[in-house]
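Reading the structure
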Amino acid sequence: DVKVTQSSRYLVKRTGEKVFLECVQDMDHENMFWYRQDPGLGLRLIYFSYDVKMKEKGDIPEGYSVSREKKERFSLILESASTNQTSMYLCASSWTPGQGPGYEQYFGPGTRLTVT
Amino acid sequence: RKEVEQDPGPFNVPEGATVAFNCTYSNSASQSFFWYRQDCRKEPKLLMSVYSSGNEDGRFTAQLNRASQYISLLIRDSKLSDSATYLCVGPGGGADGLTFGKGTHLIIQP
């Protein structure tokens, strides 16, 4: 079974702090994603990585950065946390078409971040 | 027009009934469609892939209608445990060519 883990389930940070969210997958997936999910807004893509050290901006990258130094690990960084970044953060991974049987995304359990 | 659209619901359905909901998409080029289930405060989990020929898994049936550009999910003999939000995934501007709908909330009532 695919396993995607995230470093924290719940996190409380203060405004202005630098926040690191980590995601690890154990299926040798090429693609990794960071989303945030808010009521009524659905899943919104923050950043995407299709290979080590490669990244692409999603729909809402402002205020975030990412790092992918190893294939299995994808980190989301909030440079200076703000209250409007309070949200559920979800990491996902998938195969690249042709690499595996399909390219559905597999999600980690999520990190519920509260910025006060 | 949004790339993937779903009726947010909620759909309130009595236990044992059959329920169906659709998801429309605007990009006709894609080959890949999926349905995910998401329980309250949990992550989305893959429910089933949607193939051109349709896909059935127990009480669940997923269909693709390319002519009208929608996918559907049918749940027969609904159970209380089917209460969840169902997200469809279809073609769009997402990073890997896929984008998620906002979900349809289903409540099965005893």
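Scroll up to find the structure this text is about.
All values derive from a computational prediction rather than experimental measurement.

About the criteria used
- Residues numbered from 1 in each chain as written.
- Chains lettered and ligands numbered in written order.
- Predicted model: local features only at pLDDT ≥ 70, side-chain atom pairs only at ≥ 80, totals over all residues.
- Heavy atoms only, no water.
- Buried < 20%, exposed > 50% of the residue type's maximum accessible area, 1.4 Å probe, protein only.
- Helix = DSSP H or I, 4+ residues; strand = E, 2+ residues; numbered from the N terminus.
- Pairing = 2+ DSSP bridges.
- Polar contact = N/O pair within 3.5 Å; in protein donor to acceptor, adjacent residues only side chain to side chain.
- Contact = heavy atoms within 4.5 Å.
- Buried area = accessible area lost by both parts, 1.4 Å probe.
- Salt bridge = Lys/Arg side-chain N within 4 Å of Asp/Glu carboxyl O.
- Nonpolar A, V, L, I, M, F, W, Y, C, P; charged D, E, K, R; others polar.

Details of the pairing of strand β11 (residues 111–115) of chain A
All names here are of chain A. Going residue by residue along β11, you find T111, L113 and V115 tucked away on one face and R112 and T114 left uncovered on the opposite face. Summarising the sheet, strand β2 (residues 10–13) and β11 pair through 4 bridges and their orientation is parallel. Looking at β11, one finds that K13 is bridged to V115. Here 3 bridges tie strand β9 (residues 87–94) to β11, and the two strands are oriented antiparallel to one another. Residue M88 lies in a different strand from β11, and its bridge partner there is R112.

What to know about the side chain of Q105 of chain A
Turning to its location among the elements, Q105 of chain A is positioned in the loop between β9 and β10 (106–107). A polar contact is formed between the side chain of Q105 of chain A and the side chain of Y35 of chain A, at a distance of 2.7 Å.

Structural notes on the interface of chain B and chain A
Tallying the contact residues gives 14 residues for chain B and 20 residues for chain A. The junction of chain B with chain A conceals about 1,600 Å² of combined surface from both sides, 58% of it contributed by carbon and sulfur atoms. At the boundary of chain B with chain A, the tally comes to 0 salt bridges. At the boundary of chain B and chain A, one finds 2 residue pairs in polar contact (both at pLDDT 80 or more). Every element with two or more residues in the side of chain B that touches chain A is listed here: β4 (33–38) and β10 (98–100) of chain B. Split into classes, the residues belonging to the side of chain B that touches chain A amount to 8 nonpolar, 2 polar and 4 charged.

Observations regarding the environment of Y47 of chain A
Relative to the assigned elements, Y47 of chain A resides in strand β5 (residues 42–51). Those residues within four positions of Y47 of chain A in sequence are excluded, and the remaining contacts are M32, F33, W34, K55, E56, K57, G58, P61, Y64, S65, V66 and F74 of chain A.

Re the pattern of salt bridges
Residue and element names in this part refer to chain A. All told, the structure shown has 11 salt bridges over all chains when counted by the stated rule. Note that D28 and K71 form a salt bridge whose closest N and O atoms lie 2.9 Å from each other. Note that D28 is positioned in the loop between β3 (19–25) and β4 (31–38) and K71 in the loop between β7 (64–70) and β8 (73–78), a separation of 43 residues in sequence. When its relative accessible area of 22% is taken as the criterion, K71 is described as partly exposed. Measuring nitrogen to oxygen at the nearest pair gives 2.9 Å for the salt bridge that ties R44 to D38.

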